[in-house]
Structure formats: structure tokens, C-alpha cells
Amino acid sequence: MTVQQVLLLLLLWMWLPHPCHTEMLFRRTPDLRPKSFGARALGNDGKAIHRQKRGWMWNQFFLLEEYTGSDYQYVGKLHSDQDKGDGSLKYILSGDGAGTLFIIDEKTGDIHATRRIDREEKAFYTLRAQAINRRTLRPVEPESEFVIKIHDINDNEPTFPEEVYTASVPEMSVVGTSVVQVTATDADDPSYGNSARIIYSILQGQPYFSVEPETGIIRTALPNMNRENREQYQVVIQAKDMGGQMGGLSGTTTVNITLTDVNDNPPRFPQSTIHLRIPESSPVGTAIGSVKATDADTGKNAEVEYRIIDGDGTDMFDIVTQKDTQEGIITVRKPLDYETRRLYTLKVEAENTHVDPRFYYLGPFKDTTIVKISVEDVDEPPVFSRSSYLFEVHEDIELGTIIGTVMARDPDSASSPIR
């Protein structure tokens, strides 16, 4: 294709009609139509003529909150296509804050705000505008409605509903276990910029806990956190707006976290051998003494049950678990006799009653101890060889004649003289 052909095609394209579309954004009362559009008709000479319907023209109105300038803040301009610039039209403003918060230059249609505006008090204002003929006071435009929207600035820091939270999590929890969620709110506009976009971070409480930046969920960050080593933690969480960027506003809250108990400690006897003494005269049911296994856990996780599992005195003694003190009370089961047996040996076991299967590997959750019971001698009265004696004697026997003999012995090991 030659250069001349290219130029010819370009000229033809420029002369061809091309459709175009423009759009103006504004709000009107329901009986109005958008800004002027053409009505096509034929004149007397057969040529097409265009009539323009009257309409409003204005900019979209947005106002920055917390304006600190010395002059009134410019909002925008109202303008009618009937305004020829000769001062014959008068602009009138009514609606939210008209005449007080918002004023209009009745000649030019310029709108200003008279004071600082807080978006958090009111996010937008609905006003109505009208243009009238200054001489006849008749409207040249129907009344139209428009909105002034307040643009947000970052003037509110994130706040937590509570200054101090309390939470708990079981000890020995796996890393990442959820503890509690804290949520801050920001009064700035969430739909405009990052003023209300909050990011959470942990200022105090590491390395034990972490917080999810987007959700505020606090999680455990270390494995095998042991309540018996440390029970209470204080975590400080910061919420920062502007997506956590430099210059954002922030607020903090404190979370007091308690590790709750799990059964991760077996019971342990403080001694491998325990010595007890009891008089041989003690009746059946007498409490000889007690044994107690210690457990670092609390509540039901520290509950134990005692039993005699071996020894040469299993038939002579019993053991009862005292629930309120968690002791094992050893009692006499059969009568004792110092002269028959002076020492008994028992093997006593203490076992947790509520074992958590997750911590079997830390067991076994029981322990044993040896209890030696010494039977003490008591000074017992003499014992006759018989419970009754029968002697026969002749009448008229001489005085001093021996008619029989009774015999008694001292049952104690160290025999005492008897008379």
C-alpha cells in the first residue's frame, strides 16, 4: 500500500461519524431528568434544529473532615446552564446544615463549610439547591437534591472494648492452640483508605504466645508449657490502624492468661520406707497412722487411691483412702500379740484415679512405699493355767493340809514374779 493510499484512508476515517458516551454523576429529585440533552426537530427551512433543556451543573461534592485551615473550607460549586453571568440568578441552599454549617454564595453558587466536620458524627449531608430569577423570584430550575460526603482522615485510634481480658489454656497444649480472640474497633471509615484497617501485634508475652495479625487470635507459641513451672502470664496486644504502617494510630489491651491443670504428674511418696508403731492391745479398727503421696497437679488430677498390694501383714491390716486429705489411713484388721509377732511389713501403692491418656508416656501414674509396723509390748496381767479348778477334800482334814495347786504365768516376754 502506498503512502498516498494510507493518507486517503486516514482522511476517510476522520470524516466518518463515531459514537461517544459521556456520563455525569449527580442526584436529583425524582421528577427531574439528567443534565441537558438535545431534542431534535425540523425548522421552516427544513434544516434540523436543536433545543437544549435547562439543567444543573455541579461537581461531585466531597469534604475532608477535621479541616484546620483559617478560611472556610471550599466544598464545591453549583451552576445552572441558565446562568449568563449577569447576576440575574440567585442560588438558594436548603437541607442538612444549610445556612449554618454550609453557606452558598448566592451569586456564584460556591459552597463553603463554616467549621470543622467530624465524619464519625455524620458521614454525609443531604441538601437541596434551587436557582431563581433575582427580579421575579421565580425558579429557573426545579429544586434538585445532592449529597456532600465527608472524606475520612485517620483521626481515631483503634480501641478495645476491655482494658484487661482474662483467658485460660490447658498446660502442655500443642503449639498453635487458640487461647482467646481480642478485637479492636476503629471509628474511621472502613471503606475509604486504610484508616480503619487494623493489624494486631504482641508487645509483651513472647516467646510463649503469638497473635494473628489479621484476626487478633492469641495462640500458644511454645510446646510443653508446664503449669507447675509457671501458671500466670500477662500478654499485651497492640492494635494499629493504617494496616500497621508507620504513622498509624494504635491502642493496646492486656490479656491475663492462666495455664489450667492437666494430669501430667504421677503421685510420689516422699519416703521409700515408713515406720509406724502400735501397742499390741489396740482393738480392731484402730488407726495406726497414715501415708501420703504428693502430686504436683491439682483438683481431680491429684486424686489418688491407696491399697496394700504385698507384705506379710496383708491379713492383719487395712488401708482406707481419706478423700478430703488424700491420705491413706492404715487400720488394725485383726488382734495383735507382741509375743506372737513383733514386726509386720506392708507394700502400699498410691495410684491416680483420673489418668489422661495423652500423658501415658509420662507415667506410670502410681508409686509404692514400704510400711514397717512395729507391735509394742503392753504389761499384761497374769494368766491362770486353767479357767477353773476342782479340788476334793475329806472332812475333818487337818489344818495346813495341801488340797491342790493353782498356777498362773506372766504372758509378757519379761516375766515378772507372781504371787
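By the naming in an unreviewed UniProt entry, the protein goes by CAD10 protein and is assigned to Leiothrix lutea. Turning to the protein, the UniProt record has this under Subcellular location (unreviewed entry): "Cell membrane".

Caption draft 1: Spatial organisation of the overall build of the protein. Summing up its helical and strand segments, the protein has one helix and 26 strands in all. Burial statistics for the protein: of 419 residues in total, 33% are counted as buried. Put simply, of all contacts in the protein between residues at least 6 apart along the chain, 66% involve residues at least 24 apart. Accessible area of the protein: about 26,200 Å², with a carbon and sulfur share of 52%.

Caption draft 2: The nonpolar core, seen in detail. In terms of nonpolar packing, the biggest core is built from 23 residues, with Val291, Tyr306, Phe317, Ile330, Val371 and Ile373 touching the most fellow members. Elements with a minimum of two residues in this core: β18 (273-279), β19 (287-291), β20 (304-311), β21 (317-322), β22 (327-332), β23 (343-352) and β24 (366-376). In terms of residue count, β23 provides more of this core than any other element does, four residues in total. Beyond its immediate stretch of four places on either side in the chain, Val371 contacts Ile274, Leu276, Val291, Ile330, Tyr344, Thr345, Leu346 and Val348.

Caption draft 3: Inspection of the sheet that holds strand β14 (residues 209-211) at higher detail. With respect to topology, three strands assemble into an open sheet ordered β12-β15-β14, the strand pairing being antiparallel. Each end of this open sheet is capped by a strand with a single partner; those strands are β12 (178-181) and β14. Along the sheet, successive strands turn relative to each other by an average axial angle of 25°, direction set aside. Of the strand pairs in this sheet, β12 and strand β15 (residues 217-220) are connected by three bridges, and their pairing is antiparallel. Bridged to Ser178 within β15 is Arg219.

Caption draft 4: Here's a closer look at the pattern of salt bridges. A full pass over the atoms with the stated rule returns 16 salt bridges. Residue Lys77 pairs with Asp110 through a salt bridge whose shortest N-O separation is 3.4 Å. Taken together, the residues Lys77 in strand β5 (residues 73-80) and Asp110 in strand β8 (residues 110-113) connect sequence positions 33 residues apart. For Asp110, a relative accessible area of 17% puts it in the buried group. A salt bridge links Asp318 to Arg333; the nearest nitrogen and oxygen atoms lie 4.0 Å apart.

Caption draft 5: Highlighting the pairing of β21. Residue alternation in β21 divides its side chains into a buried set, Phe317, Ile319 and Thr321, and an unburied set, Asp318, Val320 and Gln322. Between β21 and β22, which pair antiparallel and follow one another directly, the connecting turn spans four residues, one of which, Gln326, has a positive phi of 55°.

Caption draft 6: Here's a closer look at the environment of Ser178. Relative to the helices and strands, Ser178 resides in strand β12. When the C-alpha atoms of Ser178 and Phe209 are compared, they prove to be 9.8 Å apart, with 31 residues separating the residues in sequence. Aside from chain neighbours lying at most four places away, what touches Ser178 is Ile217, Ile218 and Arg219.

Caption draft 7: How the structure looks around the packing of aromatic side chains. In the structure shown here, the tally under the stated rule is seven aromatic pairs. For the ring pair Phe160 and Tyr200, a centre distance of 6.3 Å and an interplane angle of 50° mean the geometry is tilted. Taken together, the positions of Phe160 in the loop between β10 (144-151) and β11 (164-170) and Tyr200 in strand β13 (residues 199-204) put the pair 40 residues apart, joining distant regions of the chain. Accessibility expressed as a relative area gives 12% for Phe160, which makes it buried. What makes Tyr200 buried here is its relative accessible area of 6%. The interplanar angle of 75° and the centroid separation of 5.3 Å between the aromatic rings of Phe317 and Tyr344 together place this pair among those described as edge-to-face. Of this pair, Phe317 sits in strand β21 while Tyr344 sits in strand β23; the two residues are 27 residues apart in sequence, bridging distant segments of the chain. Here Phe317 matches Tyr344 in class, with each residue buried. Aromatic ring contacts, followed pair by pair, group Tyr208, Phe209 and Tyr233 into a single cluster.

Caption draft 8: Summary view of a nonpolar patch on the surface. Residues Phe384, Phe391, Val393, Ile397, Ile403 and Val406 make up a contiguous nonpolar surface patch of roughly 540 Å² in combined accessible area. Relative accessible area serves as the criterion here: at 45%, Ile403 is assigned to the partly exposed category.

Caption draft 9: Structural view of unusual backbone geometry. Gln206 connects to Pro207 through a cis peptide bond whose omega is 5°. Tracing the backbone through its elements, the reader meets Pro207 in the loop between β13 and β14. A positive phi angle is found at Met172, which is not glycine, with a value near 65°. Here Met172 shows up in the loop between β11 and β12. In this structure, Gln326 is a non-glycine residue whose phi angle is positive, near 55°.

Caption draft 10: Structural context of the environment of Phe269. Mapping Phe269 onto the fold places it in the loop between β17 (250-260) and β18. Not counting the four nearest positions on each side in its chain, Phe269 is found in contact with Val291, Lys292, Ala293, Tyr306, Val348, Glu349, Ala350, Asp367, Thr368 and Thr369.

Caption draft 11: Structural context of the sheet that holds β18. One open sheet accounts for four strands, arranged β18-β24-β23-β20; its pairing is mixed. Pairing within the sheet leaves two strands with one partner each, and these edge strands are β18 and β20. Taken over all neighbouring pairs, the strand axes of this sheet differ in orientation by 30° on average, direction set aside. As judged from the seven bridges shared by β18 and β24, these two strands associate in the parallel manner. Its bridge partner being in β24, Ile274 is matched across the sheet by Val371.

About the criteria used
Residues numbered from 1 in each chain as written. Predicted model: local features only at pLDDT ≥ 70, side-chain atom pairs only at ≥ 80, totals over all residues. Heavy atoms only, no water. UniProt positions renumbered as here; feature names shortened; annotations may be inferred. Helix = DSSP H or I, 4+ residues; strand = E, 2+ residues; numbered from the N terminus. Buried < 20%, exposed > 50% of the residue type's maximum accessible area, 1.4 Å probe, protein only. Contact = heavy atoms within 4.5 Å. Areas by Shrake-Rupley, 256 points an atom, 1.4 Å probe, with all protein chains shown as cover. Core = buried A, V, L, I, M, F, W, Y, C linked by side-chain atoms within 4.5 Å. Pairing = 2+ DSSP bridges. Axes fitted to C-alpha atoms, helices over the stretch in contact; angles between N-to-C directions. Salt bridge = Lys/Arg side-chain N within 4 Å of Asp/Glu carboxyl O. Phe/Tyr/Trp six-rings, centres within 6.5 Å; stacked < 30°, edge-to-face > 60°. Patch = residues over 30% accessible without salt bridge, like charges linked within 9 Å, V, L, I, M, F, W, Y side chains within 5 Å.

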